[in-house]
Amino acid sequence: MVNYSLIRNAVGIIGNIISFGLLLSPVPTFYKIIKKKSVEEFKSDPYLATLLNCACWVFYGMPFVHPNSTLVVTINSVGFVFEIGYITIFYIYATNKGRKKIRIVLLIEIIFFVVVVLITMFALHGTTQRSLVVGIICDIFNIMMYTSPLTIMRKVIKTKSVKYMPFWLSLMNFLNGLSWTAYAILPPFDIYVLISNGIGAISGLFQLILYACYYFRKGENIEDDTKNDDLEMKRTIIREISISNGIGEAK
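Structure report, in brief. A quick note: this is a predicted structure, and the numbers were derived from the prediction, not measured. (Residues numbered from 1 in each chain as written. Predicted model: local features only at pLDDT ≥ 70, side-chain atom pairs only at ≥ 80, totals over all residues. Heavy atoms only, no water.)

So, about helix H6 (residues 126-146). Taking 1.5 Å per residue, 21 residues should reach 30 Å; H6 reaches 30 Å between its end C-alpha atoms and fits that length. Listed in full, the buried residues belonging to H6 are Arg130, Ser131, Val134, Gly135, Ile137, Cys138, Asp139, Asn142, Met145 and Tyr146. (Helix = DSSP H or I, 4+ residues; strand = E, 2+ residues; numbered from the N terminus. Expected span 1.5 Å × (residues − 1). Buried < 20%, exposed > 50% of the residue type's maximum accessible area, 1.4 Å probe, protein only.)

Structure below.
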């Protein structure tokens, strides 16, 4: 007899490992920020968005909202801690205007999250109702972050070049979405984890297909040495947007 619970846990652990790798992807960015003592042109938006996303998924995985979601809670709890660390570093080296923006966004996120928790706990009864509302909210955030690379994909098609679409990041995003899709399909079935991560897996697959289509075009990888620094910054910005796919994906 097939032990679906054991298989599901194994797939979930693999998903946790892949998601953890995505969580570490911004480390080079923050190393540069600390070294230069400036955030330069980098934006705090991806980290603030991922922070709220992780918080919502941790709440979703609570036994009184959606039982049997321990592995969803573990990776998003780790993601929440990571994002707090990233945002703290960003805040330290940001300009006064940047710090003000972070404070305002964090306040809005706290208010939003508290409202969601209060409505869920006092206005909704039973895990079916609670998981429905919180699951939909989580899916909305996840889908938004999973589809964020669409702007990069449009650029690839327009320029017929993949130099702004890092292969390994696209591959990891695809594997992350795929692993959590498999996790959601295995009993007990989780429609909310399935929807957003299924879309994430499809998005990642399209990125890989696009990469394959344009990678071998003539002159694809020829770059002027004087543009190396600019290219590296753009790749880092893409990595920032896609983190989420790091945790946004890790659901």
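Right, let's talk about the packing of helix H1 (residues 4-24) against helix H8 (residues 167-185) for a bit. Put simply, H1 and H8 touch, their axes get as near as 9 Å, and they point 155° apart. Considering the angle they form, H1 stands roughly antiparallel to H8. Handedness of the crossing formed by H1 with H8: left-handed. Residues Arg8, Val11, Gly12, Gly15, Asn16, Ile18, Ser19 and Leu22 of H1 lie in contact with H8, whose contacting residues are Leu169, Met172, Asn173, Leu175, Asn176, Ser179, Trp180, Ala182 and Tyr183. Of the residues that constitute the contact of H1 with H8, the class distribution is nine nonpolar, seven polar and one charged. (Axes fitted to C-alpha atoms, helices over the stretch in contact; angles between N-to-C directions. Parallel < 35°, antiparallel > 145°, perpendicular 65-115°, else oblique. Left-handed = near helix turned anticlockwise from the far one by under 90°. Contact = heavy atoms within 4.5 Å. Nonpolar A, V, L, I, M, F, W, Y, C, P; charged D, E, K, R; others polar.)

Another aspect to go through is unusual backbone geometry. Across residues other than glycine, the phi torsion is negative in most instances, and most of the peptide bonds are trans. Residue proline 188 follows proline 187 across a cis peptide bond; omega there is 0°. Turning to its location among the elements, proline 188 is positioned in the loop between H8 and helix H9 (191-215). One non-glycine residue with positive phi stands out, namely asparagine 68, at about 60°. The topology assignment puts asparagine 68 in the loop between helix H3 (45-60) and helix H4 (70-93). Note on asparagine 68: relative accessible area 54%, which makes it exposed. The phi torsion at lysine 160 lies on the positive side, around 55°, for a residue other than glycine. Along the chain, the position of lysine 160 falls in the loop between helix H7 (150-159) and H8. Residue class for lysine 160 comes out partly exposed when judged on its relative accessible area of 45%.

Let us now look at the nonpolar core. Ranked by internal contacts, the top residues of the largest apolar core, which has 22 residues, are Tyr60, Tyr183 and Val193. Looking at this core, the elements that each hand over two or more residues are H1, H3, H4, H6, H8 and H9. Among the elements that take part in this core, H3 stands out by supplying five residues, more than any other. With twelve residues, the next largest nonpolar core counts Ile33, Phe42, Tyr47 and Leu48 among its residues. (Core = buried A, V, L, I, M, F, W, Y, C linked by side-chain atoms within 4.5 Å.)

Attention now moves to the environment of methionine 153. Note that methionine 153 resides in helix H7. Taking relative accessible area as the criterion, methionine 153 reaches 11% and is therefore assigned buried. The contacts of methionine 153, once residues within four sequence positions are left out, are Met165, Phe206, Gln207 and Leu210.

Going through the model one piece at a time under the given rule, you end up with zero disulfides. Summary of cysteine pairing: cysteine 56 is not part of a disulfide, and the nearest cysteine sulfur, belonging to cysteine 138, is at 5.1 Å. Classification of cysteine 56 as buried rests on a relative accessible area of 2%. (Disulfide = S-S within 2.5 Å.)

To continue, consider H8. Because each turn of an α-helix spans 3.6 residues, side chains separated by three or four positions end up pointing in the same direction. With 19 residues, H8 extends 27 Å between its outermost C-alpha atoms, agreeing within 8% with the 27 Å of an ideal straight helix rising 1.5 Å per residue. Listed as buried for H8 are Leu169, Ser170, Leu171, Asn173, Phe174, Asn176, Gly177, Ser179, Trp180, Thr181, Tyr183 and Ala184.

Here asparagine 142 is to be found in helix H6. Look at asparagine 142 and you get buried, because its relative accessible area is 0%. A distance of 3.1 Å separates polar atoms of two side chains, one belonging to asparagine 142 and the other to asparagine 53. (Polar contact = N/O pair within 3.5 Å; in protein donor to acceptor, adjacent residues only side chain to side chain.)

Everything listed here is a matter of geometry and, on its own, says nothing about what the molecule does.
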